[in-house]
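Coordinate analysis (summary)
Here is how the chains run, residue by residue.
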Amino acid sequence: MSTRTLVSPLALARPRGKAVYWTVFTGVVLLFALAFLFPVYWMVTGAMKSPDEVTRTPPTLVPQRWSLGGYTDAWDLMDLPIHLWNTVVQATGAWILQVVLSTAAAYALSKLKPAFGKLILGGILATLMVPAQALVVPKYLTVADLPLIHTSLLNDPLGIWLPAVANAFNLYLLKRFFDQIPRDVLEAAEIDGAGRLRTLWSIVLPMSRPVLGVVSIFALVAVWQDFLWPLMVFSDTDKQPISVALVQLSQNIQLTVLIAAMVIASIPMVVMFLVFQRHIIAGISAGSTKG
C-alpha cells in the first residue's frame, strides 16, 4: 500500500531534496527549541542582572554584569530551604498515599469486580465534572473540623495529603491500564497459588511501571504547583510551601531576588522531568502489553 506525501520519496532521495529537507527540519527544530528555551534563559539571566537593568526598556538580552547575588539573597532572605522542605514533605506524602490508595482502588474495580463496581466508578468519575473551585469551601470546612473526631488539620501536612488522595483522574488512568492486562496472566498466577495481594504486588505492579510513573508525576506536580489550597490550609508562615511563600514574602523583595527564588523553586520539577522523561514517554503507550 503506497503512502501519499507532499514530497515524493524520489525527490527526497536527490541531493537537492535532501538539502531542502534537512534545512527545513533543522529550522523547525531550532525554532521550537528557541520558543521553549528562551523563557528559561530569560528567567535565569534576569536574576543575574541588577535591579535597574532588569526593568530597563528596551531590555538587555545579556546581563551587562553577571552576578549570583540574586540567588544567594533569595536563598537567605526568603528562607527557601525551609519552604522547599515543607513542599517536599507535602508532595511526598500526597504522592505516596495517592499511589497506594489509587492503585488499590483501581485494581479492585478492574480485576476484583466488586458489587456495584460500575456505579462506584461512575460516582467517582462524576466528580471530574464538578469545578475544583466549587469544592474549596466544603473541603476547607471538612479539614477545619473533621466529622466524628472533630479534629482540625489546618497547619498540618495531613490537610494536603488527604484531599490529594481523592484524585478521580489518576484512579481512572490506572484502572484503564489494569483493564488492558490479559486475564490469562492473572489466571496463571492463581494456578501457581498466588493470592490477590501477591498477584498485585508481583505481577500487576511490575507491569504497571509506565503508568505508575505518569501518575506519580501528575501527583507530585499537582501538589508542588498548587497555591490556593495550601494558602488556606497553612496560616503559619514557617509551614507554608514554596508556592505560597513566594507570594507572601515578595512584597518588599527586589525583583531580581524574586526571579532568582522562582528559578530555584522550579529546579526540582525540571530535574524530576529530566530524570523520569523515559516514564513519561512510556506512559504514552501505557495501554499496550508485551506478548
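Throughout what follows, the structure given in this document is the object of discussion. Keep in mind the model is a prediction, meaning the values are calculated, not measured.

Parameters at a glance
- Within any chain, residue numbers begin from 1 and follow the written order of that chain's sequence.
- Selection of residues for local features in this predicted model requires a pLDDT of at least 70, selection of side-chain atom pairs for listing and counting requires 80 or more, and totals for whole chains, interfaces and linings are taken over all residues.
- No hydrogens and no water enter the side-chain calculation; it runs on all heavy atoms of the structure.
- Any carboxyl oxygen of Asp or Glu that lies within 4 Å of a side-chain nitrogen of Lys or Arg is treated as forming a salt bridge with it.
- We count a stretch as a helix when DSSP gives it H or I for four or more residues in a row; a strand needs E for two or more, and each element gets its number in order from the N terminus.
- Categorising residues by exposure relies on relative accessible area from a 1.4 Å probe, with only protein chains included: less than 20% of the type maximum marks a residue as buried, more than 50% marks it as exposed, and the intermediate range marks it as partly exposed.
- Two aromatic rings, drawn from Phe, Tyr or Trp (for Trp, its six-membered ring), form a pair once their centres lie within 6.5 Å of each other, and the interplanar angle then sorts them: stacked below 30 degrees, edge-to-face above 60, tilted otherwise.
- A ring is considered to have a charge above it if a Lys NZ or an Arg CZ atom is located within 6 Å of its centre and within 35 degrees of its normal.

Overall, the coordinates contain four salt bridges when judged by the stated rule. With a closest N to O distance of 3.8 Å, Asp179 and Arg176 form a salt bridge. One end of the pair is Asp179 and the other is Arg176, both in helix α9 (residues 168-180) and three residues apart, which spans about a single turn. Residue classification places Asp179 among the partly exposed positions, given a relative accessible area of 27%. Assessed through its relative accessible area of 40%, Arg176 is described here as partly exposed. Here the salt bridges do not stand alone but share partners, grouping Lys175, Arg176 and Asp179 into one network.

Bringing the packing of aromatic side chains into the picture now. Any pair of aromatic rings gets described here by the distance separating the centres and the angle formed by the planes. Applying the stated criterion to the full structure yields six aromatic pairs. Taken together, a centroid distance of 5.8 Å and an interplanar angle of 35° make the contact between Phe38 and Trp42 tilted. Placement of both Phe38 and Trp42 in helix α2 (residues 15-46) is noted, with a separation of four residues, approximately one turn of the helix. Judged by its relative accessible area of 35%, Phe38 is partly exposed. You can call Trp42 partly exposed: its relative accessible area is 30%. An angle of 70° between the planes, with centres 6.4 Å apart, marks the rings of Phe177 and Phe178 as edge-to-face. Among the aromatic residues, those joined into a ring-pair cluster are Phe38, Tyr41 and Trp42. For the cation-ring pair, Lys49 lies above Trp42, with the distance from its terminal atom to the ring centre recorded as 4.2 Å.

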